[in-house]
Amino acid sequence: IMKSFLDKIFFRSNNLDYVSQNIKDLSRKKPIQKIFEAVNSHSLDSEIRYVGGCIRKIIIKEKVDDIDLATNLEPNQVCDVLKKNNINYYESGIEHGTITAQEDEYKFEITTLRKDIFTDGRHAKVEFSKDWKEDALRRDFTINSIYSDSDGNLFDPFNGKKDLENGIINFIGDIDKRIKEDYLRILRYIRFFINYSKQPHNLEIIRSLKMNIGGISKLSKERLLDELKKIIKIDTMEKLIKDKVCLDLILMIFPELKNIKIFSKSNITN
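Residues numbered from 1 in each chain as written. Predicted model: local features only at pLDDT ≥ 70, side-chain atom pairs only at ≥ 80, totals over all residues. Heavy atoms only, no water.

Novice: Which parts of the structure should I look at to understand the overall build of the protein?
Specialist: The number of helices and strands found in the protein is 14 helices and 10 strands. A buried classification covers 49% of the 270 residues belonging to the protein. Taking as baseline every contact in the protein between residues at least 6 positions apart, the subset at least 24 positions apart corresponds to 60%. (Helix = DSSP H or I, 4+ residues; strand = E, 2+ residues; numbered from the N terminus. Buried < 20%, exposed > 50% of the residue type's maximum accessible area, 1.4 Å probe, protein only. Contact = heavy atoms within 4.5 Å.)

Novice: What's the story with the packing of aromatic side chains in this structure? I'm lost.
Specialist: To describe a pair of aromatic rings, one takes the distance between the centres and the angle between the planes. What the rule picks out here adds up to 9 aromatic pairs. Ring centres of Phe171 and Tyr189 lie 6.4 Å apart, and the angle between their planes is 5°; this geometry places the pair in the stacked category. In this pair, Phe171 is assigned in the loop between α7 (160–166) and α8 (175–181) and Tyr189 in helix α9 (residues 185–196), connecting sequence segments 18 residues apart. The buried category is assigned to Phe171, whose relative accessible area is 8%. Residue Tyr189 is classed as buried on the basis of its relative accessible area of 1%. Among the aromatic residues, those joined into a cluster by ring pairs are Phe141, Phe171, Tyr189, Phe192, Phe193 and Tyr196. Over the face of the ring belonging to Trp132 we find Arg49, whose NZ or CZ atom lies 3.8 Å from the ring centre. (Phe/Tyr/Trp six-rings, centres within 6.5 Å; stacked < 30°, edge-to-face > 60°. Lys NZ or Arg CZ within 6 Å of the ring centre and 35° of its normal.)

Novice: What exactly am I supposed to notice about helix α13 (residues 244–253) here?
Specialist: Every α-helical turn comprises 3.6 residues, leaving residues that sit three or four positions apart pointing alike. Listed as buried for α13 are Cys246, Leu247, Leu249, Ile250 and Ile253. The arc enclosing the buried residues of α13, seen along the axis, measures out at 160°, which places them on a common side. By the N-cap criterion, in which a side-chain oxygen at the helix start approaches the backbone nitrogen of a residue two or three places on, α13 is capped by Asp243, the distance to Val245 being 3.2 Å. (Arc of directions from axis to C-beta. Polar contact = N/O pair within 3.5 Å; in protein donor to acceptor, adjacent residues only side chain to side chain.)

Novice: Would you take a moment to explain unusual backbone geometry for this structure?
Specialist: Phi at Asp104 is positive, roughly 55°, even though this residue is not glycine. Structurally, the position occupied by Asp104 is in the loop between β5 (98–103) and β6 (106–112). One non-glycine residue, Asn159, adopts positive backbone phi at about 55°. Residue classification places Asn159 among the partly exposed residues on the basis of a relative accessible area of 47%.

Novice: What's the story with the environment of Lys83 in this structure? I'm lost.
Specialist: Residue position: Lys83 is located in helix α5 (residues 75–84). Each C-alpha atom, one on Lys83 and one on Ala38, is 9.9 Å from the other, the two residues being 45 residues apart in sequence.

Novice: Is there a simple way to explain the packing of α9 against α13 in this structure?
Specialist: A pair of packed helices can be characterised by two numbers: the angle between their axes and the separation between those axes. Following both chains from N to C, one finds α9 and α13 inclined at 150°, their axes separated by 10 Å at the closest point. It follows that α9 is roughly antiparallel to α13 by the angle criterion. Note that α9 runs across α13; the crossing there is left-handed. On α13, the residues that touch Ile186, Leu187, Ile190, Phe193 and Ile194 of α9 are Cys246, Leu249, Ile250 and Ile253. Looking at the contact of α9 with α13 residue by residue, the classes come out as 9 nonpolar, no polar and no charged. (Axes fitted to C-alpha atoms, helices over the stretch in contact; angles between N-to-C directions. Parallel < 35°, antiparallel > 145°, perpendicular 65-115°, else oblique. Left-handed = near helix turned anticlockwise from the far one by under 90°. Nonpolar A, V, L, I, M, F, W, Y, C, P; charged D, E, K, R; others polar.)

Novice: Looking at this structure, how should I read the pattern of salt bridges?
Specialist: Two side chains that carry opposite charge are able to pair once their charged atoms sit near each other. Under the definition given, this model contains 19 salt bridges. Linking Asp135 and Arg139 is a salt bridge whose minimum nitrogen-to-oxygen distance equals 3.1 Å. Both residues of the pair, Asp135 and Arg139, count as buried. The shortest N-O distance in the salt bridge between Glu165 and Lys161 comes to 2.7 Å. Linking Glu165 with Lys161, this pair stays in helix α7, spanning 4 residues, or about one helical turn. With a relative accessible area of 17%, Lys161 lands in the buried category. (Salt bridge = Lys/Arg side-chain N within 4 Å of Asp/Glu carboxyl O.)

Novice: Is there a simple way to think about the layout of surface pockets in this case?
Specialist: Empty space among the atoms becomes visible once a probe the size of a water molecule is rolled across them. Roughly 1,900 Å³ of volume is contained in the largest pocket. Lining the largest pocket are 50 residues; nearest its centre among them are Asp68, Glu109, Arg188, Arg191 and Lys230. Element by element, the count of residues in the lining of the largest pocket is highest for α9, at 6 residues. In terms of residue class, the lining of the largest pocket is made up of 11 nonpolar, 12 polar and 27 charged. (1 Å grid on protein atoms, 1.4 Å probe; cavity = no way out; pocket = protein on both sides within 12 Å on 5 of 7 lines; lining within 4 Å. Points joined across faces, edges and corners; volume = space filled by probe spheres on them.)

Dropping the structure here:
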């Protein structure tokens, strides 16, 4: 109880005006409301929060197109709660704690709080947790470790909101260690940098990315291509081409993209 009390004092931020109001508006949508009510009413301690991309997009006024949720219930409890409340679901990644709930035409990934026990650069063995801070610690960047309850109260232990507003892409904890946990983070850094950064590259980060780039070979083609598709969208292509550091990293990983510059707007319009 004391830990929960301290959590509320030190890591929650109330009445965030625009952000808070938009999260409240999102929470009024029937499918989301149903999931929040189902989990929060399960027991005195059960809780579910928004996390990651949807909060990031609300803060910077982007359209929310997918919703990820985190909960302190274990996966089997999440399944029981959804079944009890007539919410369809399937076990999309239950070994890592993820259940996908489906209500009307909407899908929501619900993942149990967890910590990494073992990582090899590609896979992680996880242990489920009840600790929100512990869950935040295993995430890659500060801008992805922002949580919110349905009323728009943020839990932001690494000041991700501030980093997002200032356009700073910061790893959580030791940069080298975080990259070695999952080499896909090299590509994720590129994606978040070209989309959100307002600052020059941190040389220490770039050094670590380049030193670990060989680890990319451990990843499946499916994961690599999935991340690449998110990077080379028309609206981000120009930013990528203009950022020499990111472009160099991409070409180290995908040398077959050496002619990527022909896709710049200036070449297309000419």
